[in-house]
Structures are given as C-alpha cells and as structure tokens.
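One-letter residues, chain by chain:
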Amino acid sequence: MNNRISFNKFYKLFNIISSLLIILSIVLLVFKGLNFGVDFKGGTLIELRTTDKIISVSNIRDSLNQLNLGDVSVKNFGTDQDYLIKFEKKDFNNPDFISDIKNKLASSLGNSFEFRRVENVGPKVSSELLKSGIIAIVLSLAAMLVYIWIRFEWQFSLGAILALFHDVIITLGIFSLFSLEINLSIVAAVLTIVGYSMNDTVVIFDRVRENLRKYSDIKIFDLTNISINETLSRTIITSATTLLALFSIFLFGGEILKGFSLAMILGVFFGTYSSIYIANPILVFLQVSQKTILKEEKD
Amino acid sequence: MLYFSKIRIILIATFTTIFVYIFLSNFIKFDDNVFNKKINLGLDLQGGSYLLLEIDNSPVITQKLQNAIPEFKKFFKEKKINLRNFKIVDDETLIFETTPDKVNEVKDSLLKKEENIINEYYPKYRAHKFDFLVDQNLFKLNFSKYGLVEIKDSSQSQALETIRRRVDEIGTNEPNILKRGNDRIVVELPGLDDPSRIKNLLGKTANLTFRFVIKGSEETFGSEKLEFEDGSEEAIVSKRIILSGDNLLDAQPSMDSETSETVVTFNLDRVGAKRFGKATSTGIGKRLAIVLDGKIISAPVIQDAIVSGSGQISGGFTFQSATDLALLLRSGALPAPLNIIEERTVGPDLGQDSINAGIMALAIGFLLVILFMFFKYRIFGLIANITLILNLFLLVGILTLFEATLTLPGIAGIILTVGMAVDANVLIFERIKEEKKGEKNQLIAFDSGYEKSKTAVIDANITTLIAAVILFFMGSGPIKGFSVTLGVGIFTTLFSVYFIARLLTSLYVTKNKHKEKLI
C-alpha cells in the first residue's frame, strides 16, 4: 500500500498547535479587532499619485490634518509616488466635498498630484455591507455543512466544517495580527477559501469513504493516513498550481488585489493543512468505521 | 468512458470552435458582423463613477397625509358625516375625530374593499393603503406596510426618470441607471472621473415655485419665511403657488440684452401662461418670489403683465450655474430629496493600470501553471494545457456571450480558475496512475481512472460553486464580477475536462495503447 508518510503520528501535535492558533486568533479578534476599511467602517478613501518628489507622507498628512477630517491615515501604496489616504469624515451633503479637499491640498502641496480613486461610503451602506459580508460567510459555511451532510455522513460534515472554521479564523487572526485591511475583496477571498478548503477536504474524504468500503480490518486512524497518502500527490500539485496563480496575482496584479491574494494564499495554505490535520483527526475522534457508511447505504 | 462517437467529436469541436471565435472577437475585429458582442469592462477597469442614491421619502409621506385631509373631508361631507380636528403627528400619523354615533360608519368606509377611494385596497397584497386604530371617536391612521411600498415604488420610478433626464442632458457616455430595493437608485457613469457636477445636479430636488412676497399676514393661504439663496435677506412668502416647475415647457440659459446679466429664460405651457398672465396683471408693483427647493433665487418687482407665456429668471448666475438651473428645470423636479450614500470613482489611468496588471498576472500565472503541468505530466500535461487554454477561451467566450461585466476581482477569478482548473485533470491523472498499478490493460486503467475519480471531481467543484453562488447574491459591484468568473469557470472547467481533455486523452491512448508507460 502507498503508505509512505505517517501523517497520523502527528495528529495530536498539530491538533494542539491548531487549537493554540485558533485561541490566539480569537484573542486577537476580540481584543485587537480587525482593521476595517471604508467598505465596512464608512468614511473616505483617496488614492493619490504625485508627480513631484517633494510630496511625502508627512506632507500630505499635515495638509489634511488642517482640514478637520477626523482620524486621517496616509500611507504609501505600492510605489513611492502612490499614496492611500483614509479618513472618517464623509460629507455627502456637500457635493463639492472631494473637489474642496483637492483644492485645499493643491494650495499647500502644489498641483503635481492627481486623485486616481475616490471611495466614499456612508454609515448605512457600510453597516449593510458588513452585515451582508458576515451573512455570506455564515451562509457559505452552512451550505457546505449541508452539502457534505448530504454527500457523506454527519461525522464527515462535522470534520469538514471544523476545518473550515479553523481556516477562516486563523486567516482573519493573521489579518488582525498585522492590521491588514479588511474590505469587500477580503470577504470574497474568505468565501473562496471556504470553497477551496472544502474542495481539498472532500477529495480526501471521498477516498476515506472508498477505503472504508474496501477494508473492514483497518482502523480509522490508519485508514485516514492511507487515504491522505493516496491523494497526497494530487493535494500537492493542486495546491502548487493554485499558489502559482495566486502568487502571480499577488506580485503582478497591482496593489488593489494584494490583500485579496494574500488572504487567498494564507487560505490555501491553511486549507490544505486543515484537510489533513483537522478534518481527518475528527473522523478518528468520532470513531468512524465501516458501519458508519454502510448504515448510510442501507438507508 | 474513452469511446467517443463521431457525432460527439464533431459536436465538441464545433462548440469549442464557436467559443474560440467569440473569445477572439473581443480582440480582433472580424469583418463578418456575425457576432458583435463584447465583454463589458467594470467601472474599476474602464474608469468612472458609481453613485448610490437613497430617496428620502419622509416629505412624500407627509405630503400624502396632507393631501388626504381634504379628500377625507369631502368624502364624508357627502355622507353627512363631519370630521374634525385633523392633525398630523410625527410626520406619519393622521389623526381626526368624528361624533361617537358615526364611528362605525367611518370604520366601514375605511374597511371597504371595492372602490374604496379614501383607503385604497390592494388585492395583490390583501391590504389597505392605511392601517388605523380607533380610540372612542378618535381615528389614528398610518400608511400600512403596503401603502408605504406603493409610495416608495412610485417615487422611485419618478426619481429614476428625472435622474435619467438629468444625466442624459449632461451627455455622459452610456450611463447605467438602475433601481435597487425600493428606495435606492444606482447611477453608473463610465468614463467620468470627477462626479462633482452630477452630484450637484442630483442633490437638488429642483422644486420650483413662483409665489408672491407678502407683508404681514394678509394671506389666507398661510405664509412662510424663506431665505434668499445667497443668504443676504429673508422674505415672507405666500404659500399660494402661482406657477410650479410642472408648468415649464423649456428653460435655457441666456444673456439679458439690457443688463448683460446671465439669466435663465423659460417658456410656459398653456395653463401656466394663463395663470402667469393673470397673476402678473393683477399684481403689478408686487414682488414675485422665484423659489427653488425652499430658497428664494430672486424676487423681482412685477413691472408689466406678462402674457406671452415666457419669462426669465435672474439671480446673479454665472454661465455655468444658469446652465445647470436650466437643465434642472427642463428635467423636472424629483419627487423627494436624494441622498448620495455611497460613491466610488476610479480614474481612467488607474483603470488602465489595473487592466495591464491583471493581464500581466494572468499571463504569468498561466505560463507558470502550464510549465508546471508540462514538467509534471509531459504528454498528458500537454493535454491538460491545451484543455486549460480552451477552458480560458470558453470562459471568456461565455462572459462575452452574456455581455458580462469584467472587473478587476473578476480577472483575479479567471486567474484563480486557471490555477484550480487543472485540479480536475490532476485528480483524474493521479487516479489513472493508481489504477494502472493493478491493471495490465491500459484502456481499462484509463477508463476506471476516469470513472472512479468522478465523484471527487464533481464534489470538489460543487463546493467552489456554492461559494461562488453565495458571493453572487450577497456581493456587490466588483465582487459580483469575481463570483461570476469563478462560477462560470467551474462549468467551463468541467466541460473542458470531461469533453475536451477526455477526447484528447482517448485519441492519444487508443493510438498508443501498446506503449509500456503511458502516464
């Protein structure tokens, strides 16, 4: 049998590590929170490009601070002539709000800059976007739970869903740790991670089920290991091609897609890991055996 | 599994060719006019402005309650029922009293289902326009849930028309104006990198009225104190409306030949001209206030009777502000004020940069995946790669066929599809390798490889599809674009793997079935 690597020897170790990572992520999420962008917090975002080397982050920040815009954040965005400006205030009642800011900036910085992108999100819209983002993620987890339940037995469903939670929470924990911005595209990334991680888990589960039918004398502890090994080269190749695609988005796809592709890269990494080290140990823990699936087939 | 009939081969080839053609038509101008659809670029790629407007319906609701008062009075007067003490509370509740002996009769009139002119019944909702409570002889009326829906729907439709006229007047290229929910409107303006003028125009209700300025409280209609537009002074203005914006046929900016001031000239319809003539002939020497959205633009003293049905508005305009006012007057008033609650603007050069970056990332990602697959599987890698290329053509072809909108996250979805699409082939190839260990007959090994990997391939793709579908319904704008490419990508992947790749595999394997090591 193709049983080269004893993944199952490390189930305990990695389960402890994963539990610690999840606790750490939850602590971070509760106490540090997420760095929500204007999509979810409301406010104004301006992407500014300068053609003048004299303009610097501190320049821009100083000129903006005089405009009484609330909490202003200015940072470089990709190249050293691009800046991302964010502030809390958004004034929808004044249609000239943005042009006023532009004029005031021009009077203190000169005319050698342009606004490349402006986003203004009101509090009502941002709270709706946040709500629908959360609903989307919860809904996708629920849909996966149901799908696996239909296709397999509840033990598999539980294993898969815990693996998904693991991936989503740790990815968000990392975003919290490094104060990376959470915007709409991150929600898209999280949903895609859910899909991808599930995809990985399903392939291994499919093999576990097949092997359960085939061998009645092998314990689930070893059976999962056999199944992981049998599907291992597929796991590696698919992760590799997906990561190749993601890294090319990360490196060449422009600044706007950086956060998205980073979240996806983390998600693919943790999704692959959790398919092996979360989903399978759950099957072992729940003592899945040939009976589990035979019962299903009798029904 | 490996057998393909001639008809099937032809079908697959035709289908694929059609989509390759559609794909190419995005980039090459074919001179045949067979197909002229194109992928739309999202605002984040072509540059432009997205505005989300919310209609503030509260003044409309109050106005409708106001209008209900005389209707109620008249209706019940004919039935010899006297209603009194009409009041509007909190801008949403209408209160009135009747005599205790008539309470039931009033109730019955309100509850009537057929031809109820004071409390309309909507059979489709099985509900009346108003919900009401009776407290002894006191009636409290509120718009029912469906009454509010009707109000919102109608003001949304009106607002949409007015917005369309205003946006069209400015002449931006291919604006997209859509309803969202029942009190919001999306305005998408491709190519517009500074929306401040549009925002200025959409921010105005443009409710124009001509009313007399009065002294003291000589007016029976009631009066109100209004400020001048420039804040310089205030005046007491009658509530009696002589003319409103509805009476205007046309408005244009022009130059007054005597004062060389920029003015707005207007033409009135027949009813308006008559009323204007009458008012100006009886009111010589009085000041006529021209009120726009609760502010006085100007209040000239009437010198002569104006019976021509045309006139002019002065008010210290610049040419730009006169042009905008004329435009607002031509396009009509909004039924209710609009609030801009979301705005996203992308400059055209950022859009172009995003396209370039997206194509670059796609090209590099594609190349890396193709090289990887070739080195890993050689001849079968080549099959997987041909499949991948055709898959990309199919994906872009389908997006073109449905004139879908491609956004930057959408391009990311395509790249991701490239990375994940090979998964199905990998699953199959790996399975075939396993099957060959126990099976001498190459053809049977290939067959059972395809057969046994099927559930895994389908399950794996359905999970991603579920995520894409949820994202499509919950996501907005660019994110929707991502879910579309990801979702369509799954179907094209399954097609290309089970038809194209399997066909190529079958052709190769049947030709080389005697070779020792096929995969």
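Just so it is clear, the model here is predicted, and its values are computed rather than measured.

The rules behind the values
- Residues numbered from 1 in each chain as written.
- Chains lettered and ligands numbered in written order.
- Predicted model: local features only at pLDDT ≥ 70, side-chain atom pairs only at ≥ 80, totals over all residues.
- Helix = DSSP H or I, 4+ residues; strand = E, 2+ residues; numbered from the N terminus.
- Rg over C-alpha atoms; globule rule 2.2 N^0.38 Å.
- Buried ≥ 20, exposed ≤ 12 C-beta atoms within 10 Å, placed from the backbone.
- Contact = placed C-beta atoms within 7 Å.
- Pairing = 2+ DSSP bridges.
- Axes fitted to C-alpha atoms, helices over the stretch in contact; angles between N-to-C directions.
- Expected span 1.5 Å × (residues − 1).
- Bend = angle between axes of the 7 residues up to and from the residue.

Our focus in this paragraph is the overall build of chain B. Looking only at helices and strands, one finds 13 helices and 21 strands in chain B. By the compact-globule yardstick of 24 Å for 519 residues, chain B is too spread out, its C-alpha radius of gyration being 34 Å. Here the C-alpha coordinates of chain B stretch approximately 110 × 70 × 35 Å along the principal axes. For chain B, buried positions account for 42% of its 519 residues. Expressed as a percentage of contacts within chain B between residues at least 6 apart in sequence, the contacts between residues at least 24 apart total 70%.

It is worth spelling out the sheet that holds strand 3 (residues 84–89) of chain B at this point. All names here are of chain B. The four strands lie next to each other as 3-4-8-7, forming an open sheet whose pairing is antiparallel. Two strands close off the open sheet at either side, each with one partner strand: strand 3 and strand 7 (130–135). Each strand of the sheet is rotated relative to its neighbour by a mean of 20°, with strand direction disregarded. By the bridge criterion, six bridges tie strand 7 to strand 8 (residues 138–143) in an arrangement that is antiparallel. Across the sheet, Asp135 pairs through a bridge with Leu138, a residue of strand 8.

Residues and elements named next belong to chain B. In a regular helix each residue adds 1.5 Å, so 31 residues correspond to 45 Å; helix 11 (residues 408–438) covers 47 Å between its end C-alpha atoms and thus fits that length. Of all bends in helix 11, the biggest is about 30°, found at Val418. Of all 31 residues making up helix 11, 26 are buried, and the element is well covered by its neighbours.

Residue and element names in this part refer to chain B. Taken in spatial order, the three strands make up an open sheet running 15-16-19, and their pairing is antiparallel. This sheet does not close on itself; its edge strands, each paired only once, are strand 15 (248–255) and strand 19 (310–313). The sheet shows a mean angle of 25° between the axes of neighbouring strands, taken without regard to direction. Where strand 15 and strand 16 (residues 262–268) come together, seven bridges link them in antiparallel fashion. For Asp250, the partnering residue across the bridge sits in strand 16 and is Asn267. Packing of helix 8 (residues 319–331) onto the sheet brings it into contact with strand 15 and strand 16, and relative to strand 15 it is tilted by some 175°.

Residues and elements named next belong to chain B. Pairing of strand 9 (residues 176–180) with strand 10 (residues 184–190), which is carried by five bridges, proceeds in the antiparallel orientation. Paired with Arg180 across the two strands is Arg184, which belongs to strand 10. In this antiparallel pair of consecutive strands, strand 9 and strand 10, the connection spans three residues, and Gly181 shows a positive phi of 60°.

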